[in-house]
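Listed below are the residues making up each chain.
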Amino acid sequence: MAPACETGSLPAGPSMGVILEELRRLQAVEMRFAAIQRDRESKSLQVELRQRQIRRIDEKLQENHRKARECQIRLDALSLDVAVREEAVDKHRQALNKAKTNKEYAAILTAMNTEKADNSKVENSILQLMDELQVMKTEGAVIEAERAKLLVHAATAEEALKAFDAQSQQERDGLTAGREAFAGKITAAAIDIFNRVAMRHEGEAMAPVTKLRPKRDEWACGGCNMKVALEVVNALQTRDDILLCNVCGRILYLDAPTAHKSARV
Ligand SMILES: [Zn+2]
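Reference entry: report on the structure contained in this document. (Residues numbered from 1 in each chain as written. Predicted model: local features only at pLDDT ≥ 70, side-chain atom pairs only at ≥ 80, totals over all residues. Heavy atoms only, no water.)

### Quick look at the overall build of the protein
Tallying secondary structure elements over the protein gives 6 helices and 4 strands in all. Taken from N to C terminus, the helices and strands of the protein fall in the order α-α-α-α-β-β-β-α-β-α. Over its C-alpha atoms, taken along the principal directions, the protein stretches across nearly 135 × 45 × 25 Å. For the protein, the residues scored as buried account for 32% of the 265 residues in total. Residue pairs at least 24 apart in sequence account for 72% of intrachain contacts in the protein once pairs closer than 6 positions are excluded. By element, 55% of the accessible surface of the protein is carried by carbon and sulfur atoms, the whole surface being about 16,900 Å². (Helix = DSSP H or I, 4+ residues; strand = E, 2+ residues; numbered from the N terminus. Buried < 20%, exposed > 50% of the residue type's maximum accessible area, 1.4 Å probe, protein only. Contact = heavy atoms within 4.5 Å. Areas by Shrake-Rupley, 256 points an atom, 1.4 Å probe, with all protein chains shown as cover.)

Below is the structure:
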């Protein structure tokens, strides 16, 4: 078993070809782009989250104000009711003085007392409503304070995003220029394949083919860890071709300098 493994080493081949080497450089650019994009997205998500929170708290505050307004309107109506009843009590009191008979006096007194009793009921309702209004106002103040804090958080998140954009602008410009420069070094078809694969794997279009065990010709794709056929490894050794992993579709390259060295001896 051991001798078979010894003889299974790869044939000597040229080092990585120009196309694959350039594609690896392009991949480094794309990975950096993707990393910047991920950072930006997480910062942008923070801004969105804060804005959503502010919208929710604005709704809460509006609801609180609406309820307080309704309560105030009811209070105003009840206060008017009390005033009207007090006027009626006054009139009854004046009428009492002018009553000519006991019967008339008693009737006026009863009417007046009914009015007074009704009035004290309304006054109780007023006190209850005033309590409710106070609770609403306290709640409103708490919501306002919470909103003020959220506004600060939102401003901080927006500033962080702006600062990130300003800070990463130069790097992104450099990467864009670098990305464009590859058009002169690699064929459009190769870039096309690269871009399609990169889109599927967040910029990670390339995967190294690595040896699973030092003394055996068993190779795996570094992107998905699935086995890569020996013919593919041989082809990578001898040709500067774009070969894709059968499983994940990444562009394969050899990244085993020790294997190279031992193969060349
Ligand atoms: Zn793979």
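We are not done yet, so read on.
### Comments concerning the packing of helix H2 (residues 18-98) against helix H3 (residues 102-181)
Viewed as axis vectors pointing N to C, H2 and H3 meet at an angle of 165 degrees, and their least axial separation amounts to 5 Å. Between H2 and H3, the angle falls in the class roughly antiparallel. Viewed along their axes, H2 and H3 form a crossing whose handedness is left-handed. Class assignment for the residues of the contact of H2 with H3 results in 37 nonpolar, 15 polar and 28 charged. (Axes fitted to C-alpha atoms, helices over the stretch in contact; angles between N-to-C directions. Parallel < 35°, antiparallel > 145°, perpendicular 65-115°, else oblique. Left-handed = near helix turned anticlockwise from the far one by under 90°. Nonpolar A, V, L, I, M, F, W, Y, C, P; charged D, E, K, R; others polar.)

### Some points on the coordination of the zinc ion
Around the zinc ion, the donor atoms from the protein are Cys 221 (SG), Cys 224 (SG), Cys 245 (SG) and Cys 248 (SG), and they sit 2.2 to 2.3 Å away. One way to put it: the 4 donor atoms around the zinc ion meet at angles of 104 to 115 degrees, and that makes the site tetrahedral. Each donor residue of the zinc ion belongs to the same chain, and together they define the spacing C-x2-C-x20-C-x2-C. The exposure class of Cys 245 is buried, given its relative accessible area of 6%. With a relative accessible area of 12%, Cys 248 lands in the buried category. (Donors = N, O, S within 2.8 Å, 3.2 Å for Na, K, Ca; no water. Tetrahedral: all angles 85-135°; square planar, octahedral: opposite > 155°, others 65-115°.)

### Structural notes on the environment of Thr 238
If you trace the backbone, Thr 238 turns up in helix H5 (residues 230-238). On the basis of relative accessible area, Thr 238 is assigned to the partly exposed category, the value being 46%. As a C-alpha pair, Thr 238 and Glu 48 span 190 residues in sequence and 51 Å in three-dimensional space. Within the structure, the side chain of Thr 238 is placed 2.9 Å from the backbone oxygen of Asn 234, a separation counted as a polar contact. (Polar contact = N/O pair within 3.5 Å; in protein donor to acceptor, adjacent residues only side chain to side chain.)

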